[in-house]
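# An overview of the molecular structure
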Amino acid sequence: MLQATLGIDLTEEQRQICELARSFAESELRPLAARRDEEEDRFDRAAVDKLGQLGFLGMLVPEEYDGLGLDMLTYLYSLVEISWGDPSVSVSMSVHNSLPTQILLRHGTEEQKERWLKPMARGELLGAFSLSEAGSGSDAASLTSQATREGEHWILEGAKTWVTNGASADLVLLFARTDTPDDRRGTSGIGAFIVPTDTPGYRPSKKERKMGLRGSETVEVALEGMRLGPEHLIGEPDSGFRYALAALEGGRLGIAAQAVGIAKAALEHALDYSEERSQFGARIGSFQGMAFKLADMAQRYESALATLERAGRAYSMGDPRSRRLSSTAKLVASEAAVWIARQAVQVFGGYGYSREYPVERLFRDSKITEIYEGTSEIHRWIIAGQLHRERDRAQ
Ligand SMILES: Cc1cc2nc3c(=O)[nH]c(=O)nc-3n(C[C@H](O)[C@H](O)[C@H](O)COP(=O)(O)OP(=O)(O)OC[C@H]3O[C@@H](n4cnc5c(N)ncnc54)[C@H](O)[C@@H]3O)c2cc1C
């Protein structure tokens, strides 16, 4: 219903791709979203595979590596639509497209691209991303999982947490320390490894039970003497953290798009309900108190979408403000999604609190967008830091 507002100046190709995303979300994702949430422990790999068959898992990969070679904005708009359908599925699309594929594309060898990137772009292999550990979240560089050289090989020991699709993905882009306990090098002592999930010593150990996004799999992983050949290391052994940070700039745009999709769905449900429900002999939408609420939801949705578009364009053009704008988009969109979903519950009254209607799930799902790929506090910190850097550059 709010479709016309998404990407006002789209090219014909962009419009067709977004419409495909929308119709897939409507026919394949929405009808099962409540069930995915209820069944919590069942990751819907089939839905993600269908996204792959339609090309949505290779959107940002150039055609020479079997992707669609599309621009950032088309990807983000498509992600909004898929998130509108089910955020538990869209998180897989976001992580796969923004993180492991981008790191392989930018830093992988031609052999690694042939072996891993191409099937990922074709949607045949699903990728995950594993940076976080129990003791290192926002301060991601303090991770302790250790990669030790043994001849040509690497032996990995440790434990990773919060790995989205860590059990069901085919491979994980995983970060571990490559410096030694006697010579710790901080952010310059971390390597990035391609880890097929059937590697001996890679053991998903616990599934997280979550407030929302319950149709998405989130696991802890034990690394138990996992042995990897040199072809599993990406780029330089000391540069993994740099690769992760650069990819996360695009990743947070994906999460901003996810938040916009949740906001859009919640606003639409609230608008529909305000037309259907009557009290005091009138539609509740006709009361001024309700009209102002809907107007405020709509203005926050539009602001989030506009901020996402601006950040997406800046990212595509390599604009020096891109880092600040990506963080801003993530912050604005996630806070808008949480606020709008909460208002949608209120518009539904008691029915909004019932699991029979989708807004309570959207409210629970929205919250994660303020936490992963950088919390709101961390993004405020990044924005302020970048403001000072931009000011210094301008002087
Ligand atoms: C559902 C889910 C899926 C996830 N998927 C992945 C994944 O696929 N791969 C992956 O690597 N990680 C993943 N994560 C991890 C996620 O990125 C982290 O949870 C997030 O970065 C926050 O880290 P933390 O949970 O350790 O919180 P902490 O860093 O411990 O933060 C706790 C609180 O302190 C605040 N805080 C911390 N430092 C500062 C500061 N300097 N200034 C002000 N406030 C601060 C935070 O904002 C937060 O409010 C996922 C998490 C969840 C919940």
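Sequence positions are assigned chain by chain, starting from 1 and proceeding in written order. Side-chain atom pairs in this predicted model are given and counted only at pLDDT of 80 or more, local residue features only at pLDDT of at least 70, and totals for whole chains, interfaces and linings cover all residues.

A rise of 1.5 Å per residue sets the reference length of helix α1 (residues 12-38), with its 27 residues, at 39 Å; its end C-alpha atoms lie 38 Å apart and thus fit the reference within 8%. Consider a residue and the seven residues that end there alongside the seven that start there; fitting an axis to each set, the bend is the angle between those axes. Only runs of H or I of at least four residues qualify as helices and only runs of E of at least two qualify as strands under DSSP, and these elements are numbered from the N terminus. In the structure, α1 departs most strongly from a straight axis at Leu 29, where the bend amounts to approximately 45° and where the proline Pro 31 lies between one and four residues downstream. Along α1, the positions that sit buried rather than exposed are Ile 17, Cys 18, Ala 21, Phe 24, Ala 25, Leu 29, Ala 33, Arg 36 and Asp 37. One or two steps after α1, the chain reaches Glu 40, where phi turns positive at roughly 25°. What a helix should span is 1.5 Å times the count of its residues minus one. Whether a residue is buried, exposed or partly exposed is read from the other C-beta atoms within 10 Å of its own C-beta, which are placed from the backbone; 20 or more gives buried, 12 or fewer gives exposed, and intermediate counts give partly exposed.

Another point: helix α6 (residues 110-121). Turning to α6, its buried residues number three or more, namely Trp 116, Leu 117, Met 120 and Ala 121. For α6, the angular spread of buried residues about the axis comes to 125°, placing them on one side. For every residue pair, C-beta atoms are placed from the backbone, and the pair is scored as a contact if these atoms sit within 7 Å. Elements that come into contact with the buried residues of α6 comprise α4 (87-98), α5 (100-107), β1 (127-130), β4 (171-177) and β5 (190-196). Gly 123 sits one or two residues past α6 and shows a positive phi near 85°. The directions from the helix axis to the C-beta atoms are what the arc is built from.

Looking now at the domain arrangement of the protein chain. By domain assignment, the protein chain separates into domain 1 (7-125), domain 2 (128-238) and domain 3 (242-394). Domain start and end points were adopted from an automatic or database domain assignment. The C-alpha-based centres of domain 1 and domain 2 are spaced at 23 Å. Contact residues are listed per partner, giving 24 residues for domain 1 and 19 residues for domain 2. Within the residue set of the side of domain 1 that touches domain 2, elements represented by two or more residues are α1, α4, α5 and α6. Looking at the side of domain 1 that touches domain 2, its residues break down into 11 nonpolar, 5 polar and 8 charged. Polarity classes work like this: nonpolar for Ala, Val, Leu, Ile, Met, Phe, Trp, Tyr, Cys and Pro, charged for Asp, Glu, Lys and Arg, and polar for all others, with Gly in that last group.

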